[in-house]
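# Breakdown of the fold
Given next are the chains, with one letter for each unit.
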Amino acid sequence: MTPPVFLVGTADLTPGPDTTVTVAGPEGRHAAMVRRIREGEVVDLSDGAGLRARATVVGAGKDSIDCRLGEVHTEPEPRPRLTVVQALPKGDRGELAVEMMTEAGVETVVPWAAERCVTRWKGPRTQKSLDKWRNTAREAAKQARRSRVPEVADPADRRTVADLLGDATLAVVLHEDADRTLATMELPEDTGAHIVLVVGPEGGFSRTELEAFDEVGAVRALLGPSVLRTSTAGVAALSVLQARTGRW
């Protein structure tokens, strides 16, 4: 079984091997009290941005662990880069979508208040909901043993999404009426490519949204014969792309 991952600051990992790092705060409490990590166990420490170290626990307190660093290395960014624009689902399905997409390897998740979204982030709820998504991405990245925590961007409107699609190497709108499937459409061969997927709301895209995305060169693609929920379409699409691009 691979060692558990705990997140620390970049500065904690830069001194290099044989340095002792104390993991304290929420991460330390989780390690000592929840995971019950003890002296002699092996863990991985990461800054969440690609820097990672294999470490041996040399001491464990009530709410912290002391670790001696082994090899410190930077894991390369996965290529091509994968971004999902996620329409806001109802209830806690947003956190579910972020959790599954993080486990499936997404690099960036963009919350999108589509016209037909039932859920609306307004006022204080915006930051609260955004914090939940970001915390979910952080915890899911640790669970998946990832060295890079996905970015959860600020909420986007239609214009912002259109601009993002226009800048992408390949922009794909997942739509049940598309005449091609994601599994068969041509993908960019450039390893530095940026692929952006748009997942619409349960009520579907509006005509205005589809026209705006068409104007910037986005293409529509079908996942399969069944219609998935907005909270599960993203992870299904990412799985297809991970396999087809060789990232898996």
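Residues numbered from 1 in each chain as written. Predicted model: local features only at pLDDT ≥ 70, side-chain atom pairs only at ≥ 80, totals over all residues. Heavy atoms only, no water.

The chain is annotated in an unreviewed UniProt entry as Ribosomal RNA small subunit methyltransferase E from Nocardiopsis kunsanensis. Note on the chain: under the UniProt heading Sequence similarities (unreviewed entry), the record states "Belongs to the RNA methyltransferase RsmE family." Database annotation for the chain, UniProt heading Catalytic activity (unreviewed entry): "uridine(1498) in 16S rRNA + S-adenosyl-L-methionine = N(3)-methyluridine(1498) in 16S rRNA + S-adenosyl-L-homocysteine + H(+)". (UniProt positions renumbered as here; feature names shortened; annotations may be inferred.)

## Re the nonpolar core
Residues W112, L182, L197, V198 and F213 are the most contacted members of the largest nonpolar core, which totals 50 residues. Leaving out residues up to four positions away in the same chain, L197 has contacts with T83, V84, V85, V172, L174, L182, A237, L238 and L241. Counting residues in hydrophobic clusters, the runner-up holds 17 residues, among them A53, A55, I65 and L69. (Core = buried A, V, L, I, M, F, W, Y, C linked by side-chain atoms within 4.5 Å. Buried < 20%, exposed > 50% of the residue type's maximum accessible area, 1.4 Å probe, protein only. Contact = heavy atoms within 4.5 Å.)

## What about the pairing of strand β9 (residues 170-174)?
One face of the sheet, then the other: side chains in a regular strand alternate in exactly this way. Most of β9 is tucked away, with five of its five residues classed as buried. Side chains of β9 alternate between two faces, with L170, V172 and L174 and A171 and V173 buried alike. The sheet contact formed by β9 and strand β10 (residues 194-199) spans four bridges and is parallel. Within β10, the residue paired with A171 across the bridge is V196. With three bridges joining them, β9 and strand β11 (residues 219-221) adopt parallel strand pairing. Residue V172 lies in a different strand from β11, and its bridge partner there is V219. (Helix = DSSP H or I, 4+ residues; strand = E, 2+ residues; numbered from the N terminus. Pairing = 2+ DSSP bridges.)

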